[in-house]
Amino acid sequence: MKNAVISSTGLWTPPHAISNEELVEAYNAWADNWNRERDADIASGLIEPKTHSSVEFIEKASGIKSRYVMNKTGVLDPDIMAPRIPERPNEEISVLAEIAVNAARQALERAGRKPEDVDAVICAASNMQRAYPAMAIEVQQALGIGGFAFDMNVACSSATFGIQTAADFVRTGSAKSVLMVNPEICSGHLNFTDRDSHFIFGDVATAVLVEEESIAPAGHWKILGTKLKTEFSNNIRNNFGFLNRAAPEGIGAPDKLFKQEGRKVFKEVVPMVATMITEHLGELGLQGTDLRRLWLHQANANMNRLISSKVLGHEASADESPTVLDTYANTSSAGSIIAFHKHSEDFKPGDKGLICSFGAGYSAGTVFVEKTA
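Quick caveat: nothing in here was measured; it's all calculated off a predicted structure.

A.B. asks: For this particular structure, what's the right way to read the sheet that holds strand 5 (residues 148-152)?
C.D. replies: With mixed pairing, the 9 strands of this open sheet are ordered in space as 5-4-6-7-1-8-13-12-11. A single partner strand is all that each edge strand has here, and the edge strands are strand 5 and strand 11 (293-296). This sheet shows a mean twist of 25° between the axes of neighbouring strands, independent of strand direction. Of the pairings in the sheet, the one linking strand 11 to strand 12 (residues 352-359) comprises 4 bridges and is parallel in character. Considered in strand 12, the bridge of Trp295 is made with Ile355. Its contacts with the sheet place helix 6 (residues 158-172) against strand 1 (4-12), strand 4 (120-124), strand 5, strand 6 (177-185), strand 7 (203-212), strand 8 (221-230), strand 12 and strand 13 (363-371), and it is angled at close to 120° to strand 8. Contacts from helix 10 (residues 335-342) reach strand 1, strand 6, strand 7, strand 8, strand 11, strand 12 and strand 13 within the one sheet, and its direction differs from that of strand 1 by about 95°.

A.B. asks: Just to check I follow, could you spell out the nonpolar core for this structure?
C.D. replies: In globular proteins that are soluble, nonpolar side chains generally tend to be buried together. Of all hydrophobic cores here, the largest spans 49 residues; its most connected members are Val273, Ile277, Ile307 and Phe358. At the level of secondary structure, the elements contributing two or more residues to this core comprise helix 1 (20-37), helix 3 (55-62), helix 7 (262-283), strand 11, helix 8 (301-312), strand 12 and strand 13. The biggest single contributor to this core is helix 7, with 8 residues. Ile307 has contacts with Val270, Val273, Ile277, Leu296 and Phe358, leaving out every residue within four places of it along the chain. Ranked by size, the runner-up nonpolar core spans 28 residues in total, among them Ala4, Ile6, Met152 and Ile223.

A.B. asks: When you look at the packing of aromatic side chains in this model, what are you seeing that I'm missing?
C.D. replies: Aromatic ring pairs are described here by two measures, namely the spacing of the ring centres and the angle between the planes. Summed over all chains, the structure comprises 13 aromatic pairs. Ring plane angle 80° and centroid distance 6.1 Å describe the contact between Phe150 and Phe169, whose orientation is recorded as edge-to-face. In this pair, Phe150 is assigned in strand 5 and Phe169 in helix 6, connecting sequence segments 19 residues apart. A residue is classified by how much of its surface remains accessible, and Phe150, at 26% relative accessible area, is partly exposed.

A.B. asks: Where do I start with the pattern of salt bridges in this structure?
C.D. replies: Proximity of charged atoms lets side chains of opposite charge pair with each other. Evaluated as defined, the whole model comprises 16 salt bridges. One salt bridge connects Arg130 with Glu138, and the closest N-O pair in it is separated by 2.8 Å. Note that Arg292 is salt-bridged to Asp319, the shortest N-O span being 2.6 Å. One end of the pair, Arg292, is in the loop between helix 7 and strand 11; the other, Asp319, is in the loop between helix 8 and helix 9 (325-328), with 27 residues separating them in the sequence.

A.B. asks: Is there a simple way to explain the packing of helix 7 against helix 8 in this structure?
C.D. replies: The relative placement of two packed helices is expressed as an angle between their axes plus a distance between the axes. As a packed pair, helix 7 and helix 8 sit with axes 9 Å apart at the nearest point and diverge in direction by 30°. The orientation of helix 7 with respect to helix 8, classified from their angle, is roughly parallel. Considering only the axes of helix 7 and helix 8, their crossing is right-handed. Judged by residue contacts, Val265, Phe266, Val269, Val270, Val273, Ala274, Ile277, Thr278 and Leu281 of helix 7 engage Asn302, Met303, Leu306, Ile307, Lys310 and Val311 from helix 8.

A.B. asks: For this particular structure, what's the right way to read the pairing of strand 1?
C.D. replies: Side-chain positions along a regular strand alternate between the two faces of the sheet. Of all 9 residues that make up strand 1, 8 are buried, and the element is covered over most of its length. One ladder, built from 2 bridges, connects strand 1 with strand 8; its direction is antiparallel. Bridging from a neighbouring strand, Val5 pairs with Lys222 of strand 8.

A.B. asks: Looking at this structure, how should I read the layout of surface pockets?
C.D. replies: Over the atoms rolls a probe the size of a water molecule, and in doing so it shows where empty space is left. There is about 270 Å³ of room inside the second largest pocket. The leading source of residues in the lining of the second largest pocket is helix 8, at 4 residues. Among the residues forming the lining of the second largest pocket, the class breakdown is 5 nonpolar, 7 polar and 3 charged.

A.B. asks: When you look at helix 8 in this model, what are you seeing that I'm missing?
C.D. replies: An α-helical turn contains 3.6 residues, so a residue and the one three or four places further along point in the same direction. Over its 12 residues, helix 8 runs 16 Å from end to end, which matches the ideal 16 Å to within 8%, given 1.5 Å per residue. Residues of helix 8 that are buried include every one of Met303, Asn304, Ile307, Ser308, Val311 and Leu312, and no others. The buried residues of helix 8 occupy an angular sector of 140° when projected down its axis, which confines them to one face. Of the surrounding secondary structure, the elements contacted by the buried residues of helix 8 are helix 7, strand 11 and strand 12. If you check the start of helix 8, you find a side-chain oxygen 2.8 Å away from the backbone N of Asn302, and it comes from Asn300. Where helix 8 ends, the next residue or the one after it, Gly313, has phi of about 85°, a positive value.

Rules used throughout
Residues numbered from 1 in each chain as written. Predicted model: local features only at pLDDT ≥ 70, side-chain atom pairs only at ≥ 80, totals over all residues. Heavy atoms only, no water. Pairing = 2+ DSSP bridges. Helix = DSSP H or I, 4+ residues; strand = E, 2+ residues; numbered from the N terminus. Axes fitted to C-alpha atoms, helices over the stretch in contact; angles between N-to-C directions. Contact = heavy atoms within 4.5 Å. Core = buried A, V, L, I, M, F, W, Y, C linked by side-chain atoms within 4.5 Å. Buried < 20%, exposed > 50% of the residue type's maximum accessible area, 1.4 Å probe, protein only. Phe/Tyr/Trp six-rings, centres within 6.5 Å; stacked < 30°, edge-to-face > 60°. Salt bridge = Lys/Arg side-chain N within 4 Å of Asp/Glu carboxyl O. Parallel < 35°, antiparallel > 145°, perpendicular 65-115°, else oblique. Left-handed = near helix turned anticlockwise from the far one by under 90°. 1 Å grid on protein atoms, 1.4 Å probe; cavity = no way out; pocket = protein on both sides within 12 Å on 5 of 7 lines; lining within 4 Å. Points joined across faces, edges and corners; volume = space filled by probe spheres on them. Nonpolar A, V, L, I, M, F, W, Y, C, P; charged D, E, K, R; others polar. Expected span 1.5 Å × (residues − 1). Arc of directions from axis to C-beta. Polar contact = N/O pair within 3.5 Å; in protein donor to acceptor, adjacent residues only side chain to side chain.

Laid out in structure tokens, this is it:
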């Protein structure tokens with residue numbers, strides 16, 4: 001078995017940011033319009049009025065302060081409340097592939113790699129732009145990579161599942177260099193008219209280059225161990241898909257966008273993930289005190305606070321469990337990779353850390369790494 005390592009990472013951030021203040025102003029204007037149009041039904045008690053959102057509510061519930069998006073004007077228009085991203089001709093690169101390529105180019109450059117050095121591409125994300133051809137194959141073609149490529153979707157855990165899959169290809173000798181990309185246009189599946197979740201997501205793209213240790217550049221990250229877990233739950237769900245056309249009465253219903261039972265998710269996922277991490281630590285002969293840093297999935301600041309405290313035995317400092325949630329919001333599979341990308345340069349050889357993601361499924365993945373010289 002070959003040793004698999006992380007040689008580099010890449011990050012591409014959209015040019016448009018939306019603050020909580022801007023988002024709340026748009027939502028409240030939409031809610032006022034909705035209530036006004038249904039004034040008679042509200043007055044008679046047939047329906048409940050929409051209540052306002054607030055900056056204080058968002059930050060207390062999630063820790064999010066702003067997010068990056070592909071399109072800002074549509075999201076902030078009370079008459080639209082959704083991003084507007086035009087379709088492109090089949091002859092042009094698709095939007096999702098384009099942002100994946102942007103992140104991939106950075107990862108390749110940081111590792112000193114050319115596209116022809118890569119053997120495979122995995123596109124691991126929560127939402128693919130289309131059913132086929134695979135987004136990964138389009139990314140492969142755009143970069144000029146040989147070998148093979150495929151898509152995979154495990155929602156918010158897609159990146160850690162993708163890292164293990166890439167590492168397994170390297171470990172078995174099927175590939176020496178695997179590019180794993182996470183393009184996430186989460187604004188496209190978010191219901192901006194749902195007060196309980198209109199603030200959750202942002203857009204971004206990340207990339208991770210997983211390679212055989214013998215060819216990796218200096219200062220790479222040794223993968224000490226990976227572990228995956230799934231447990232079925234309906235508490236985070238999106239029912240949008242190709243079969244919707246077979247039941248047209250449901251087209252456009254709220255369940256065709258992101259929906260979750262937030263309190264249930266919090267209660268069930270925190271202990272599941274904390275137990276998984278501590279068990280995996282034990283299997284590797286490690287303890288929480290051996291970890292220099294946790295790069296956790298960026299979904300909710302309160303969840304991360306509880307998980308890290310259970311793993312470390314004390315409440316984590318900002319250095320021990322850094323957050324990017326405040327500025328990027330929840331970026332699904334990309335969240336833990338953003339945290340790793342932006343908060344790992346200070347590691348010294350021998351320092352160990354954990355990349356961990358968790359989300360719909362339920363699904364969770366742990367990737368323990370050690371910095372090398």
